[in-house]
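Inside the fold
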Amino acid sequence: MVRNQLVSQIDQAVESLTDELTEFACTIFGIPTQNPPGNNYRQCAEAIGAMMQKIGMDVEYVEVPQERLSELAPRGEGLPRISVVGYLGDKAQRPNIHFTGHYDVVPEGTGWTTDPYGCEIRDGNIYARGSADQKSGIVSEVIAAYALQKAGLKLKGTLIASATPDEETGGQAGVGYMVEQGYFTRESTDYCVITECLDVDKVCIGHRGTLWFEIDITGRQSHGSMPSEGVNALEFAQRLMQAIDEDIRPLIAEPTPLPVQPPACRQTTLTPTILQAGEKINTVPGSCRIGYDWRLIPELSVEWAKEQITAVCEKVKASMPGSDYTIHYLGEDNPTLVPKDTDLVNTFLANGKTYLGREMEFSVSPGMDDQKYVVQKGKLDHCIVYGPGRLTLAHKSDEYASIEEMKAAAKIMALSAVDLLGLAE
């Protein structure tokens, strides 16, 4: 088939599906899948599965066993964790490309000027919590499969599209569990695309590392008029923050040369997020909790970061006899980075330019995402992040997804699947 004809066929097929794309988007955007705790997961997974079945995909549901929910979803209140997987083509046929996105969303929060699940359409954008981050990516991957069917383009290999839960709380019960079950591994998968909200004109090749930790500080409570009789846990926290500023921040001042987006996140960020202490104005607090969100550029490791935190805690403890501390690590993931010069990367770069009319850019995500499981545990380097949602809208009020950008991403995904898998005779 002549290249221009192929590009045109996919373009026309996606454009003809505008109304169905919009309807599908509003259907799943309108389901409140807040995580935590994990509301309405079954309803959303089945809505996505119904759309997959409508376009002729074979569909399966993968559910985390009840006895493992407390392990994999400790904040999930025992609610079900379900992934839905659709296959366009023979499930066992190779090569394959697996597109996957998460359907859970953060709680809506405050400041909205429209119903967070009302799916108001304004200026070509659909407003809803989770629209950009990242149900829009699920819409595009399913519409890409639909467009191939409508255009009559039969692949040599298999296009797989899936939607998983729990990325917003770490992903252990979503892609983490799916990797464990063999769905995203070097042995089972040739190419993987995480359809996260890293912008329609960027190919994301990795993400920063993450270390979430809380430090429980113990001192000795006393009357506020006699502070010398106590050991002030809040003062420990103050000294600790100062030690972090003096001892650690100079070590993390150098930015990475990698294209982390937005550019302000090219430096390591070490952000205090929790400070809890004290019960009464005239009582020296005997306990305190301080928490940090530490994002690590790809040149740094979680192990190194832990060593720095322990060192400053020990320094402060030595300066305050009678004090102690315990560090609780709540989340930790090393940075993830895949090669820039692969067939998968180059195909998306080329096809992005074809449909967008401009050069695609590389990016590295400022936060962690499900790519870590596929690359680090599934051992699959052919894994990029590409989706239509805008990164800067993630978790904000009045979040929206652009209909035109969802269509553009679907075209790029469909053409890339053809290029990577080939067309059947």
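Below: a short report on this structure. (Residues numbered from 1 in each chain as written. Predicted model: local features only at pLDDT ≥ 70, side-chain atom pairs only at ≥ 80, totals over all residues. Heavy atoms only, no water.)

**Let's talk about the side chain of Ser162**
- Relative to the helices and strands, Ser162 is located in strand S6 (residues 158-164).
- Given a relative accessible area of 0%, Ser162 falls into the buried group.
- Reaching out from Ser162, the side chain makes a polar contact with the side chain of His98 at a distance of 2.8 Å.
- Apart from the residues lying within four places of it in its own chain, the contact partners of Ser162 are Met52, Val84, Val85, His98, Phe99, Thr100, Gly101, Glu141 and Phe184. (Helix = DSSP H or I, 4+ residues; strand = E, 2+ residues; numbered from the N terminus. Buried < 20%, exposed > 50% of the residue type's maximum accessible area, 1.4 Å probe, protein only. Polar contact = N/O pair within 3.5 Å; in protein donor to acceptor, adjacent residues only side chain to side chain. Contact = heavy atoms within 4.5 Å.)

**Examining the layout of surface pockets**
- Size it by volume and the largest pocket reaches roughly 1300 Å³.
- Along its surface, the largest pocket is lined by 45 residues, and Glu167, Glu168, Trp212, Arg295 and Met368 are the ones closest to its centre.
- Of all the elements in the fold, those that place two or more residues in the lining of the largest pocket are helix H4 (69-72), strand S13 (287-296), strand S14 (324-333) and helix H10 (371-377).
- Among the residues making up the lining of the largest pocket, the classes are represented as 17 nonpolar, 11 polar and 17 charged.
- Taken as a whole, the second largest pocket spans an internal volume of roughly 150 Å³.
- If you trace the second largest pocket, you find it lined by Val85, Tyr87, Lys91, Asn96, His98, Ile160, Gln181, Gly182, Tyr183, Ser188 and Thr189.
- Considered class by class, the residues forming the lining of the second largest pocket number 4 nonpolar, 6 polar and 1 charged. (1 Å grid on protein atoms, 1.4 Å probe; cavity = no way out; pocket = protein on both sides within 12 Å on 5 of 7 lines; lining within 4 Å. Points joined across faces, edges and corners; volume = space filled by probe spheres on them. Nonpolar A, V, L, I, M, F, W, Y, C, P; charged D, E, K, R; others polar.)

**Brief notes about the side chain of Ser83**
- Here Ser83 shows up in strand S2 (residues 82-88).
- Among all residues touching Ser83, those that are not within four sequence positions of it are Glu60, Tyr61, Val62, Ala163, Thr164, Pro165 and Met178.

**Topic: helix H9 (residues 343-356)**
- Across its 14 residues, H9 extends 20 Å between first and last C-alpha, which sits within 8% of the 20 Å expected from 1.5 Å per residue.
- Within H9 the residues assigned to the buried category are Leu344, Val345, Thr347, Phe348, Leu349, Asn351, Gly352, Tyr355 and Leu356. (Expected span 1.5 Å × (residues − 1).)

**Details of the sheet that holds strand S4 (residues 120-122)**
- In spatial order, the strands read S4-S5-S18; together these 3 strands make up an open sheet with antiparallel pairing. This sheet does not close on itself; its edge strands, each paired only once, are S4 and strand S18 (400-402). Strand-to-strand twist of the sheet, defined as the mean angle between neighbouring strand axes without regard to direction, takes the value 25°.
- Two elements, strand S5 (residues 125-127) and S18, share 3 bridges in a ladder whose sense is antiparallel. Following the sheet pairing, Tyr127 is matched in S18 by Tyr400.
- The sheet contacts of helix H2 (residues 18-29) involve S4, S5 and S18, and relative to S5 the element is tilted by about 15°. (Pairing = 2+ DSSP bridges. Axes fitted to C-alpha atoms, helices over the stretch in contact; angles between N-to-C directions.)

**Notes on the sheet that holds S13**
- Reading across the sheet, the 4 strands line up as S11-S13-S9-S14 and stay open at both edges, with antiparallel pairing between neighbours. Bordering the open sheet on either side are strand S11 (269-277) and S14, each of which pairs with just one other strand. Direction aside, the axes of adjacent strands within the sheet are offset by 15° on average.
- In this sheet, S13 lies alongside strand S9 (residues 209-218) in antiparallel orientation, the contact comprising 10 bridges. By the bridge assignment for S13, Gly209 is matched with Leu296.
- Helix-sheet contacts for helix H7 (residues 233-248) involve S9, S11, S13 and S14, and the interaxial angle to S13 is about 20°.
- The strands touched by helix H8 (residues 302-319) within the sheet are S9, S13 and S14, with S14 carrying the most contacts at an inclination of about 165°.

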